[in-house]
Amino acid sequence: MTMLEDYQKNFLDLAIECQALKFGSFTLKSGRVSPYFFNLGHFNTGKLLSNLATAYAIAIIQSDLKFDVIFGPAYKGIPLASIVCVKLAEIGGSKFQDIQYAFNRKEAKDHGEGGNIVGASLENKRILIIDDVMTAGTAINEAFEIIGAAKGQVVGSIIALDRQEIVNTEDKQGLSATQTVSKRYGIPVLSIVGFSNVITYLEGRIGPEEKSKIEQYLQTYGA
């Protein structure tokens, strides 16, 4: 059993406190009925955002990944890229002082400097993509296209919660979204926590009915 670190415990405590992580019955975009739902948008105060940025930053620092720019796909990735860039400069030491950030516009700007990238240039840079979760991998596929068009090189991705679910129940390999992306692009996909961490941390904190629903769900969809 993997022991959770303090920053991971703090992240989960705050996620439950602000209801970013909720338990019940939720129909997902995929059509699956999940016993839990995660919405990072509930980290919406200065205190919550500071703690969230710290959790991302520690996970990044511990990975020892080498990169030049944090890229946040529109829309949820935009604030994440900026707050984590700031937090890395605060707690990461000298090698993180000059990390840059960038994000894309949904529609290209046709005046001023033009283009669809805001912030740092991606050309010939090593890029870390940041987002909240990864389900089917659609968003990160789009991010790869945008970064590739800007002549950047993606070296990794980081998300808050890895649901650790298979993308396709008919896939004999039974790969999760993060595993699929990692295999397809040859990059590491980091996370603050995986859902297995959530289950470990919630032991004794949720009722037997909720626990049973989660176990049943994972028997069907767990990677």
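In the nomenclature of an unreviewed UniProt entry, the protein chain is known as orotate phosphoribosyltransferase of Naumovozyma castellii. Database annotation for the protein chain, UniProt heading Function (unreviewed entry): "Catalyzes the transfer of a ribosyl phosphate group from 5-phosphoribose 1-diphosphate to orotate, leading to the formation of orotidine monophosphate (OMP)." For the record of the protein chain, the UniProt heading Pathway (unreviewed entry) holds the text "Pyrimidine metabolism; UMP biosynthesis via de novo pathway; UMP from orotate: step 1/2."

A few words now on the side chain of Asp-162. With respect to the element layout, Asp-162 can be found in strand β7 (residues 153–162). As a buried residue without a salt bridge, Asp-162 has its nearest oppositely charged side chain in Arg-163, at a separation of 7.9 Å. Discounting residues that sit within four places of it in the chain, Asp-162 has contacts with Thr-178, Ser-191, Val-193, Gly-194 and Phe-195.

Glancing now at the environment of Gln-100. Relative to the helices and strands, Gln-100 is located in strand β4 (residues 100–109). Judged by relative accessible area, which is 32%, Gln-100 ranks as partly exposed. On a C-alpha basis, the gap between Gln-100 and Ile-70 in space is 6.3 Å, while along the polypeptide they are 30 residues apart. With residues near it in sequence (within four places) discarded, Gln-100 still touches Asp-68, Val-69, Ile-70, Cys-85, Ala-120 and Lys-125.

In a structure, side chains of opposite charge can pair up when their charged atoms sit close to one another. A full pass over the atoms with the stated rule returns 11 salt bridges. Lys-47 is the salt-bridge partner of Glu-17, the closest N and O atoms lying 4.0 Å from each other. Taken together, the positions of Glu-17 in helix α1 (residues 6–17) and Lys-47 in helix α2 (residues 46–63) put the pair 30 residues apart, joining distant regions of the chain. As far as burial versus exposure is concerned, Glu-17 and Lys-47 are alike and both exposed. In this structure, Lys-66 engages Asp-64 in a salt bridge whose closest nitrogen and oxygen atoms are separated by 3.3 Å. If you follow the salt bridges from partner to partner, you end up with Arg-32, Arg-163 and Glu-165 in one network.

Conventions we followed
Residues numbered from 1 in each chain as written. Predicted model: local features only at pLDDT ≥ 70, side-chain atom pairs only at ≥ 80, totals over all residues. Heavy atoms only, no water. UniProt positions renumbered as here; feature names shortened; annotations may be inferred. Helix = DSSP H or I, 4+ residues; strand = E, 2+ residues; numbered from the N terminus. Buried < 20%, exposed > 50% of the residue type's maximum accessible area, 1.4 Å probe, protein only. Lys, Arg positive; Asp, Glu negative; His and termini not counted. Salt bridge = Lys/Arg side-chain N within 4 Å of Asp/Glu carboxyl O. Contact = heavy atoms within 4.5 Å.

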